[in-house]
Amino acid sequence: MPLILRLALPSPLRRLFDYLPPKGVVEEQLRPGVRLRVPFGRREVVGVLIEVARETEVPPDKLRKALQLLDERPPLPSALFELCQWSAQYYQHSLGDTLSWALPALLRQGEPAERRLQRFWIAQPDARPEDPRLARAPRQREALKTLRQHPHGVLHELLGQLGLVKDSLDLLQAKGLVTVETRYHQPTRHQGSWLAQAELPLNSEQRLAYEAVRAGSGFHCHLLEGVTGSGKTEVYLQLIRATLEAGRQALLLIPEINLGPQTLGRFEQRFNARIALLHSALTDRERMDIWLAARDGELDIVVGTRSALFTPLKHPGLIIVDEEHDASYKQQEGLRYHARDLAVVRARFENLPVVLGSATPSLESLHNADQGRYAHLRLSLRAGGAQPPRFERLDVRSRPLDSGLSQPLLKAMGATLERGQQVLVFLNRRGFAPTLLCHDCGWLAQCPRCDARMTYHRGSGELRCHHCDQRQTPPRHCPSCGKLDLRPVGAGTERAEERLQLLFPDVPVLRIDRDTTARKDALGKLLRTIHSGVPCILVGTQMLAKGHHFPKVTLVAVLDADSGLFSADFRASERMAQQIVQVAGRAGRAEEPGQVLIQTHLADHPLMVQLAEEGYPAFARQALQERRAAGLPPFAYLALLRADAHRQDQVENFLEAAYHVAEGLAVNLALPQVELLGPVPAPMERRAGRHRAQLLLQSSSRAPLHRLLGIWVVQLESLPEARQVRWSLDVDPIDLF
DNA sequence: AGCACGCCGACT
DNA sequence: GTCGGCGTGCTC
């Protein structure tokens, strides 16, 4: 019997494919984890060997021969390979596709798993621009000066960017003033201490947290709940220093915002270490070089967003997930993994400590801490004894609103500006107005492709759908009754900006949202104005809630907090509270506590009261109780089957069929814990011209749910109704849309 | 998911 | 006459 190679292939199909070995390849070379190029249908793909078997169910006429063995040894270390297998299983995703998400693009295209040697131009240490041989060679002199500013050398490909000309360098090389080195492109480190800069002293709470993480050995998980300004980052830095001293590598995950450069800067100042930042602008080659360097132990610290979780580490010592509550850790397509949850799984597999940090922890993590699964560490003291911001509910029931702004709020803003301080207005809604309304007949500007209103953008003079990016010029007459009285209703950031500029003509009003920061460095320019300290008003969306610090802002106004309290999504209130607290955290400085005014029509709502009067921890307690009472996560486990299609009946048929299969499984497998809710139309039934619906599975415990899911998805794949729809299964969905 | 095959509308 | 629309069938 010949050898049978069982491969995971980059395909959504949740099964392995069997092949015969390529010509001339012997059994010893076929180690699980190596890549092979194989014919697949009418194309060639790269697969990963899962196992070598002696027999196969596949009829011999279908069995094909693999084309080429691509690796001598498996490129993916076994710990990570196991993490991928676990993830594929947990998220009910195809293993081959899961591996594709984890491997650098070049590896899944079949490139050799080798780093690229590159040429670097380096000035000799004793080369001086004053060298007499350069007295009559001004261009060489300039080139040498430029090169001397780069002690690690300049990549050959980047010479042009620095205005360096190869001819000058060749001449300098001939004089022995410049050399070319061929080596890997990677950060370097000098001999000696890991610290390039002294550490800040830790306060008592920080020290406790630091020591708690250091005290354990092997896997343990810590929830570090630290209010803004309490110095979480310093704790991270010192934990990383201790990790480096132990000869190990650290992995830091950050949310998907532009905080990478800022974080990297801080790390580079602090450490004499080899640090890499994984960000979206990297080329495939750069990404693979970092991946390989980390795997081979040639990087000390890896910083990156969600997908960086899959970076292999030769000597892993610590994983930190910063802002662990942030929704960007959940991937919303393909393999729908949650990087925070997988970080904990990975730490368990690799026997490491993991730290989840946030000022506003997710209810999931708080619950895990309550259950004793995570150690709960708290940082409540602000640096320099700064006072926490004061929260005030501003009841706007029966108060007239002027472009979404109430009189008391405007008064408070005026007073703040008069004192020479800055005001931040938080409004999580872009555009001028959420919709256009005909005052005569009630017609609303509706997106033709979605069940949603179109937002009116005055700046660009168009109606835009924020769900499918449909754009059109607003009608002059009402399309329904022909009258001319079309009015923008409600207020977005654009309208708030315009109105505030009218009301406060003497101060700049800076709008910060996706529309005003689309151009490169537009955000940087706005931030520089803010940091110059002039009194001004910032109007912005959640972009303002993340990362930045505005010491001159002493008043934060939250305009539309209510939407979080009556949304259909059970997580809306948690998100709203996190956003409010995060925005509030941007404000204030040591001497001057910030003031936070929350405009609301629901001033008596228990969650609102808790948040404003007692802060986030009390809010979270209250919200957790409500979740428990309602049997919602984290007290229950969810899986959501989503489907969409051109025709509504196709979606219905598929979900009905899926329902019956699941119902049958629940009975046959005796899994009464698993409840089926639906199928129901999605909260937005039509989006981008497609009909959407979903089926929710809810269970009081995880094991029965997963038992059912594993069998269910395989059956869904072969359902004839499935061919007419696009469907996906979301395990632990974070939003039900 | 790709990719090809296959059968019906407006055009270089 | 053909280019190309997306239905449907398959991938060891």
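The rules we used
- Residues numbered from 1 in each chain as written.
- Chains lettered and ligands numbered in written order.
- Predicted model: local features only at pLDDT ≥ 70, side-chain atom pairs only at ≥ 80, totals over all residues.
- Heavy atoms only, no water.
- 1 Å grid on protein atoms, 1.4 Å probe; cavity = no way out; pocket = protein on both sides within 12 Å on 5 of 7 lines; lining within 4 Å.
- Points joined across faces, edges and corners; volume = space filled by probe spheres on them.
- Nonpolar A, V, L, I, M, F, W, Y, C, P; charged D, E, K, R; others polar.
- Core = buried A, V, L, I, M, F, W, Y, C linked by side-chain atoms within 4.5 Å.
- Buried < 20%, exposed > 50% of the residue type's maximum accessible area, 1.4 Å probe, protein only.
- Helix = DSSP H or I, 4+ residues; strand = E, 2+ residues; numbered from the N terminus.
- Contact = heavy atoms within 4.5 Å.
- Near = heavy atom within 4 Å.
- Pairing = 2+ DSSP bridges.
- Phe/Tyr/Trp six-rings, centres within 6.5 Å; stacked < 30°, edge-to-face > 60°.
- Expected span 1.5 Å × (residues − 1).
- UniProt positions renumbered as here; feature names shortened; annotations may be inferred.
- Salt bridge = Lys/Arg side-chain N within 4 Å of Asp/Glu carboxyl O.

A. Main features of empty space enclosed by the protein. A complete count under the given rule lists one cavity of 30 Å³ or more for this structure. Computed from the structure, the largest cavity encloses a volume of approximately 70 Å³. Together, Ala8, Leu9, Pro10, Val46, Gly47, Val48, Gly96, Leu99, Ser100, Leu103 and Arg108 line the largest cavity. Its residues placed into classes, the lining of the largest cavity shows seven nonpolar, three polar and one charged.

B. Expanded view of the nonpolar core. Judged by nonpolar contacts, the single largest core of 122 residues is most densely connected at Phe310, Leu424, Leu641, Phe654, Leu697, Leu708 and Trp712. With nine residues, helix H18 (residues 648-668) is the single largest residue contributor to this core. Once you skip the residues sitting within four places of it in the chain, leucine 641 turns out to touch Phe654, Leu655, Ala658, Ala693, Gln694, Leu695, Trp712, Leu716, Trp727, Ser728 and Leu729. Formed by 29 residues, the second largest nonpolar core is a distinct cluster that contains Trp194, Leu239, Ile240 and Ile301.

C. Main features of the protein's contact with DNA strand B. Neighbouring residues of DNA strand B: Pro12, Arg42 and Arg43. Backbone atoms, meaning sugar and phosphate, form 54% of the atoms of DNA strand B found within 4 Å of the protein.

D. Representation of the sheet that holds strand S20 (residues 455-457) within the structure. With respect to topology, three strands assemble into an open sheet ordered S20-S21-S22, the strand pairing being antiparallel. The sheet is open, and its two edges are formed by S20 and strand S22 (471-472), each paired on a single side.

E. Representation of the packing of aromatic side chains. For the structure shown, the criterion picks out eight aromatic pairs. On the basis of an interplanar angle of 10° and a centroid distance of 4.8 Å, the ring pair of tryptophan 86 and tyrosine 90 is categorised as stacked. Pair noted here: tryptophan 86 and tyrosine 90 are both in helix H1 (residues 78-90), with a separation of four residues, about one helical turn. Take tryptophan 86: its relative accessible area is 27%, and that puts it in the partly exposed class. Here the aromatic rings of tyrosine 616 and phenylalanine 619 are separated by 5.8 Å at their centres, their planes lie at 35°, and the arrangement is tilted. On the criterion of helical spacing, the pair formed by tyrosine 616 and phenylalanine 619 is a turn pair, its members being three residues apart in helix H17 (residues 616-630). Both residues of the pair, tyrosine 616 and phenylalanine 619, belong to the buried class.

F. A look at helix H15 (residues 572-585). Look at H15: 20 Å from first C-alpha to last across 14 residues, which is about the 20 Å you get at 1.5 Å a residue. Of all 14 residues in H15, 13 are buried, a share of seventy percent or more.

G. Fine view of the UniProt feature "binding site: Zn(2+) 2" (unreviewed entry) in chain A. In the UniProt entry, the feature "binding site: Zn(2+) 2" (unreviewed entry) is given for Cys447, Cys450, Cys465 and Cys468. Spanning 22 residues, the named residues nonetheless gather at one spot, since no C-alpha pair among them exceeds 8.8 Å. Along the chain, cysteine 447 turns up in the loop between strand S19 (435-438) and S20. With near-sequence residues (within four places) excluded, cysteine 447 lies in contact with Ala452, Met454, Cys465, Cys468, Gln470 and Arg686. Looking at the secondary structure, you find cysteine 468 in the loop between strand S21 (462-464) and S22. Residue contacts for cysteine 468: discarding those within four places in its chain leaves Cys447, Arg449, Cys450 and Ala688.

H. The arrangement of unusual backbone geometry in detail. Omega for the bond connecting proline 633 with proline 634 falls within 30 degrees of zero, at 5°, which places this linkage in the cis form. Residue position: proline 634 is located in the loop between H17 and strand S28 (637-645). The backbone of glutamate 323 shows a phi angle near 50°, a positive value even though the residue is not glycine. Tracing the backbone shows glutamate 323 in the loop between strand S14 (316-322) and helix H10 (339-350). The class of glutamate 323 is buried, set by a relative accessible area of 18%. You will see that asparagine 351, though not glycine, has its phi angle at about 60°, which is positive. Assignment of secondary structure puts asparagine 351 in the loop between H10 and strand S15 (353-358).

I. Structural context of the pattern of salt bridges. The tally for this structure, following the rule as stated, stands at 44 salt bridges. The salt bridge partner of arginine 14 is glutamate 717, with a shortest N-O separation of 2.7 Å. Note that arginine 14 is positioned in the loop between strand S1 (4-8) and strand S2 (17-20) and glutamate 717 in helix H19 (residues 702-717), a separation of 703 residues in sequence. Salt-bridge contacts for arginine 464 lead to glutamate 462; the nearest nitrogen and oxygen are separated by 2.9 Å. Side by side, arginine 464 and glutamate 462 carry an identical accessibility label, which is buried.

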